[in-house]
Each structure stands twice: as C-alpha cells, then as structure tokens.
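As a plain string of letters, each chain reads:
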Amino acid sequence: MSPKKQASTRKTSLYRLNAPADPGLDLHTLVEERYRGREGFTTTPVDHAGVVGLLVTGSIARDRAEWCDVLSELTGADVEVAGRTSSGLLLVRTERAVYAVTYGMGHHMIDSARLDLGFGLQFALRCLDQDGISLVRRHLMDARGRTDENSTTRGGSLRDLGTEWIGSIVSKITGKAIDLPLTHTSAGRRSLGVSCTDSSISLPLGRSPQQFLNDLRVIEDACTQPAPLPGLESLARVRSLRRRGKTDLVRELNGRLDQYLGDPDAPGLALNFPGECASHATETRAIRIMRGSRVIDVGDLDIDDIRQFVRDRADGCRLPTLKDVRVQLFADEECTESLSPPIPAHRWINAEVRSGAAHHFYWQGSWYEIGAEFVQALGDDTAELLGRPSNVVLPSWPKGMEEGSFNEKAAEQPGYDLFDKQTVRTETFRGGGLEICDLLGPEGQLIMVKKADKGSSGLSHLFAQARTAIEALRYDVEVREKFLARVAELRPSDPPEDILATPTVVLAIRLKYGVPLTADSLFAFSQVSLLQTALALQGMGAKVEVVPIYA
C-alpha cells in the first residue's frame, strides 16, 4: 500500500497584531511574558526562504491528568494517565504588518492586548460568499450582555439565518469563501471554508514557505478592498468610534465608565465573554483574575469580582488600572488546565451610556454609537427587499374597489386561485378560523393582499397575518393538512406539499391612490415592521417578496 500523499495545506489560526512592521521591533515583546524563557518552551529566530520572524514552541507536561482522581473514585481502579498540552506560535513580519500563526494552544502565547480586534471580520466581509454563510454569532448592544448564535449546515444568506443587524455586533462568522488564489483552492478543491472571529481567521494555509507567503499576501490584498461584498454590508454598519475623529467623545465616555467602575449601584454595566472565550463558556470550571501579585480564583465570574480591583482607585485611574487586570479561564478547579490566555479585564465588560438622545455602548474595549447607522440602514434594507424580483403579476386596483372584489378580479387570471375568506378552522383557530392567504399564485406563492391608504395599521395587519400563517403551517399539523387538502381540490395535478417545502410569501401592497411603493413612501415604523416580518419568515424557511399594486 503506497503511503498517503501529504496535504499541501493545513488548517491554521491566523492573527494580525497591533505592532509596527519595523524590522527593528523585538518580536519577543509580542509574546505573553510568562512564556518567555519558560521551562519546556523554546524560542527561535526565523529567517527561512523568505519567512522572517520568531518561533515559540513547547508543551506543559503533567505526571497525572486532573481527571484521573474522578475515574479512580468512580471505578475503584488505579487510573494513571499523563497529560500534555502542546503549543506552537510563529510570529511573521511582512512589509505591511506582523502576523501570528498558531497551532494547538499556541494562541495562549500571544499577548492578547496586542490583538488587532478588527482583522477577522475585515477579511470575512470581503471574501465570504453571501449565500454560503453557515454560522453567525452576534452581541446585542445593551447592558444585558446578550449573545446569540445561529447556524445552518447547508449554508445560506444572513437573512436565511435570521440575523438582525440593528443594534448588534457580529463577533464570529463562518462560511464559504469566494474564489481566492490560495494554495487550498489552487490544489483543485471545490470550496474553501473559513471561520472568522473579531481577531482571527481559521483557514487552510500552505505548508511550504512559498505557498504560505503567497497565501498571506492574498489575505492582505483581500483586507485592502474598499468595501464589503454585496449581501454583507449590514455587518459593517456598526462601527467603533476608534480612529473616527471623535477623540473628545471617547474621552468623555471613558470618564463616565470610570465613574461607573467606582459606583456599586451604577447602571449599565454587565459581563460579556470576549470573542475568543465565548466557545469555552460551558467548559469553564474556574476563572482567575489577577493583577501583579494579587490573584483571585472564582467559580462564577461576577462584575464585582472585576470591579474590586479598581473601585478604590481615584477618579480617572479606574479604567487604566482595569486594563492592567487579566482574566483567564480554566477547565479545572485547580486552575492548571487553561482554556484561554490572560485577557485584559476591560474586554470582559459591557457598558451602556445614555445622554439625552445619544446612546453609546462599550464592547471589547471600544465604544460604539448605537443608532447612528439606523436610518440609512433601514432605508437601504427596505429598498433591497422591495427590489427583489417576483413572478407574481396582479391587476390594477381602481379607486373605490373593495379588497374582496380586487381579490376576485386577481383570481380570474390564469394560474391564480382565490383563498380570500376561505379560513381554516381547528381546535386552536376556532371562531372565524385562520386565513392562510388571499390568493394562491401560479407557482404556489402565498399572496397576501392589503390596501394601506390610511397609515400603517393596514400594513401591521398584513404583516401579522403573514407571520401567523407561516407559523401555523409550520408547527400546526391540523392547519397544514386542511390547507393542503384545499390546495389538492383546486390543483389535483400538482403535489400540494411542494408549496410548503420552501414557501414563498408575497406581500401585495397598495398605498394611497397614485403613491408608489418605495422605501421613501413607507413610514419608518412600517419599514421596521416589514423588515422584522421578513426576517421572521425567512428564519422559518420562507422566501419573502413584496409586490406593489397599482391603482
């Protein structure tokens, strides 16, 4: 049997560091201090075939794994298994920046204060296929520290994943990359899977110096592209105030946060796991907080555990001191098996500061302005939704015609069937029953019609009808069976279940006489309701289209 051919790439974690690419920079300063000269670790300068930098490798050996005692007690057997944790870190200089490549637990050896926290998402927004997203993790911009994560095995768009953009920050996104001239794709493989956090990129990189440096150049070039790819713009709308000419505002906000840290009753403070620690939350058994020689170990982290290191400091000194405090996760109560590197404590805190109409949010060590992107983003997303193509064609709706008469007129078209007032009655939907749609389109589209010439109330009813109908069809077996039975009566030659495999909901809207359906013609309240409805429907597997009805 011939030996297996060695792969030309290996999955690697890549970080960009906040450090000048100056050849005179001492790369040792980018390594966590406790790993410099540590027993079992070797530091080697590198200058090999164009790869210039610093290599740090090593392992931490334990005579006996920490879980041996538990198994011995449970089984009565003498369990003796050694433990070993291996780490590899390569710091690489290019003409543009300094990068860190890590293997095993090598990311623990990077000084976390040096991480470029925008690097991973900067790359993701410029290389991911908008229809190949498989996971999104976002943090809501309020002081409750809320995080949610949506994923799908087959990949889809941000809307398919039900991801809201208003008032949230994305800290991780995974998906398929578009065509990039990387070693992995040039080897004839069909696709490139990439996982990006705020500070890192995880992807296959070339193993040879030439391949590796070429891949690094491709990544650098991608990051210099001026704008996000289509379909990913919403993730770039929430931007930090850093480097945006708002130094005075940031200084004022830092002062407010400094006051909060000294006030045990201060509102708007919460804990939040940094991006690189979020996946370890459920594995954590102990958390160590440290500054200098002072060390505190806790089982569950509380905001006061961090605040006690700084609350007695003078005004203006608490936040700077907090940046010197480190927090580290461990998988065991003895704090011998680390899950994360020591991370500056200020990155573990969310803060919400309100001042009149202004609303700001502190996350991962940066300030964000909430709502600055709202109006523009609202209009952009509404226009995109209204501009989606649809095969549904509806007749004109003359002034004075009632909705029921219009639906009957539309149903006279070839391929359309009338469902208006044909309600489904079940134990849940008693009384008047549930109206699934007004019309069934030629391709099984669920068409819901509404005249909204007296404000937003008509549209609110339309959006509520759409959500209720799809929820019932998805989760209520009796509703689904009765609706499909009616479809089978009207269209005996078509498989009725195909309609609900991936249902298409068409919101057909007529505004005031002579008013076109555009983002500008909808009130902001209606735009928000429309987008939230579309997001909810898409999260339930439905496709959403909006069709104007002309007078």
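Residues numbered from 1 in each chain as written. Predicted model: local features only at pLDDT ≥ 70, side-chain atom pairs only at ≥ 80, totals over all residues. Heavy atoms only, no water.

Details of the overall build of the chain
Within the chain one finds 13 helices and 23 strands. On the principal axes, the C-alpha backbone points of the chain span a range of 85 × 70 × 60 Å. Going through the 551 residues of the chain one by one, you find that 50% of them count as buried. Counting contacts in the chain only where the partners sit at least 6 residues apart, residues at least 24 apart contribute 67% of the total. (Helix = DSSP H or I, 4+ residues; strand = E, 2+ residues; numbered from the N terminus. Buried < 20%, exposed > 50% of the residue type's maximum accessible area, 1.4 Å probe, protein only. Contact = heavy atoms within 4.5 Å.)

Looking at the sheet that holds strand β14 (residues 326-330)
With antiparallel pairing, the four strands of this open sheet are ordered in space as β13-β12-β14-β15. Since the sheet does not close on itself, it has two edges, and those belong to β13 (294-298) and β15 (343-344), each with one partner. When β14 meets β15, the two strands line up antiparallel, connected through two bridges. The residue bridging R326 from the neighbouring strand is P344, located in β15. (Pairing = 2+ DSSP bridges.)

A look at a nonpolar patch on the surface
On the surface, W67, V70, L71, L74 and V81 cluster together into a nonpolar patch covering about 450 Å² of accessible area. Take W67: it is sitting in the loop between β3 (51-62) and α1 (68-75). (Patch = residues over 30% accessible without salt bridge, like charges linked within 9 Å, V, L, I, M, F, W, Y side chains within 5 Å. Areas by Shrake-Rupley, 256 points an atom, 1.4 Å probe, with all protein chains shown as cover. Salt bridge = Lys/Arg side-chain N within 4 Å of Asp/Glu carboxyl O.)

Side note on the nonpolar core
Generally speaking, nonpolar side chains in soluble globular proteins are found buried as a group. In terms of nonpolar packing, the biggest core is built from 40 residues, with I436, L446, F483 and L507 touching the most fellow members. Secondary structure elements with two or more residues in this core: α8 (374-386), β21 (446-451), α10 (457-475), α11 (477-490), α12 (498-501), β22 (504-510), α13 (524-539) and β23 (543-548). With eight residues, α10 is the largest single contributor of residues to this core. Apart from the residues lying within four places of it in its own chain, the contact partners of F483 are F419, V424, I436, L440, L446, L473 and L500. (Core = buried A, V, L, I, M, F, W, Y, C linked by side-chain atoms within 4.5 Å.)

Topic: the confidence of the model for the chain
Reading fine detail from the predicted coordinates is not recommended where pLDDT is low. Within the chain, residue pLDDT values average 88, and 93% of them lie at 70 or more. Per-element mean pLDDT across the chain ranges from 80 in strand β17 (residues 358-363) up to 97 in helix α4 (residues 209-223). (pLDDT = per-residue confidence, 0-100.)

Comments concerning the sheet that holds β21
Here we have five strands laid out as an open sheet, ordered β19-β20-β21-β22-β23, and mixed in their pairing. What marks the edges here is a single partner per strand, and that holds for β19 (417-418) and β23. Summarising the sheet, strand β20 (residues 439-440) and β21 pair through two bridges and their orientation is antiparallel. Looking at β21, one finds that L439 is bridged to I447. This element, helix α9 (residues 403-411), spans β19, β20 and β21 of the sheet and lies at about 145° to β21. (Axes fitted to C-alpha atoms, helices over the stretch in contact; angles between N-to-C directions.)

Regarding the pairing of β21
Buried residues dominate β21, accounting for five of its six residues. The loop that links β20 with its antiparallel partner β21 comprises five residues; one of these, G444, has a positive phi angle of about 80°. Both β21 and β22 contribute to a ladder of six bridges, which runs parallel. If you follow K451 over to β22, its bridge partner there is R510.

A short note on a negative patch on the surface
A surface patch of like charges, here negative, comprises E66, E333, E334 and E337. Since its relative accessible area comes to 63%, E333 is described here as exposed. (Lys, Arg positive; Asp, Glu negative; His and termini not counted. Charge placed at Lys NZ, Arg CZ, Asp CG, Glu CD.)

Regarding the packing of aromatic side chains
For the structure on display, the rule yields seven aromatic pairs. Taking 5.2 Å as the distance between ring centres and 65° as the angle between the ring planes, the aromatic pair formed by Y35 and F41 counts as edge-to-face. Sitting over the ring of F309, R294 keeps its end group 4.4 Å from the ring centre. Above the face of the W397 ring, R510 is positioned so that its terminal group lies 5.7 Å from the ring centre. (Phe/Tyr/Trp six-rings, centres within 6.5 Å; stacked < 30°, edge-to-face > 60°. Lys NZ or Arg CZ within 6 Å of the ring centre and 35° of its normal.)

Remarks on α4
In an α-helix, one turn spans 3.6 residues; hence positions three or four apart end up facing the same way. Between its first and last C-alpha atoms α4 spans 21 Å; for 15 residues at 1.5 Å apiece the expected length is 21 Å, and the two agree. The complete set of buried residues in α4 reads F212, L213, D215, L216, V218, I219, E220, A222 and C223. (Expected span 1.5 Å × (residues − 1).)

Concerning the pattern of salt bridges
As enumerated under the stated definition, the model contains 18 salt bridges in all. A salt bridge links D69 to R64, with the nearest nitrogen and oxygen atoms 2.3 Å apart. Take D69: its relative accessible area is 42%, and that puts it in the partly exposed class. Where R64 meets E80, a salt bridge forms, and the shortest distance between an N and an O atom there is 3.0 Å. Taken together, the residues span a long stretch of sequence, with R64 in the loop between β3 and α1 and E80 in the loop between α1 and β4 (83-93) at a distance of 16 residues. Members of the salt-bridge network, linked through shared partners, are R64, D69 and E80.

Things to note about the environment of K11
Topologically, K11 is positioned in strand β1 (residues 9-17). K11 gets classed as exposed once you look at its relative accessible area, which sits at 57%. In sequence terms K11 and T102 are 91 residues apart; their C-alpha atoms lie 10.0 Å from each other. Among residues more than four places away in sequence, those in contact with K11 are Y103, S202, L203 and P204.

Examining unusual backbone geometry
Even without glycine at this site, C335 takes up a positive phi of about 60°. Among the secondary structure elements, C335 is positioned in the loop between β14 and β15. Given a relative accessible area of 8%, C335 falls into the buried group.

Some remarks on α9
Taken residue by residue, α9 has F406, N407, A410 and A411 as its buried positions. The arc that holds every buried residue of α9, seen down its axis, measures 135°, which confines them to one face. Each element contacted by the buried residues of α9 is listed here: β19, β20 and β21. (Arc of directions from axis to C-beta.)

Regarding the side chain of R388
Following the sequence through the fold, R388 ends up in the loop between α8 and α9. Relative accessible area serves as the criterion here: at 18%, R388 is assigned to the buried category. A polar side-chain atom of R388 sits 3.3 Å from a polar atom in the side chain of E384. A polar atom in the side chain of R388 sits 2.8 Å from the side chain of Q538. Among all residues touching R388, those that are not within four sequence positions of it are R159, Q538 and V544. (Polar contact = N/O pair within 3.5 Å; in protein donor to acceptor, adjacent residues only side chain to side chain.)

Considerations on the pairing of β3
In terms of strand pairing, strand β2 (residues 41-48) meets β3 through eight bridges, oriented antiparallel. Bridged to T42 within β3 is T57. Hairpin remark: β2 followed by β3, antiparallel, with two residues in the connecting loop; positive phi at A49, about 50°. Note: β3 against β4, ten bridges, orientation antiparallel. Across the sheet, residue T57 finds its bridge partner in β4, namely G88.

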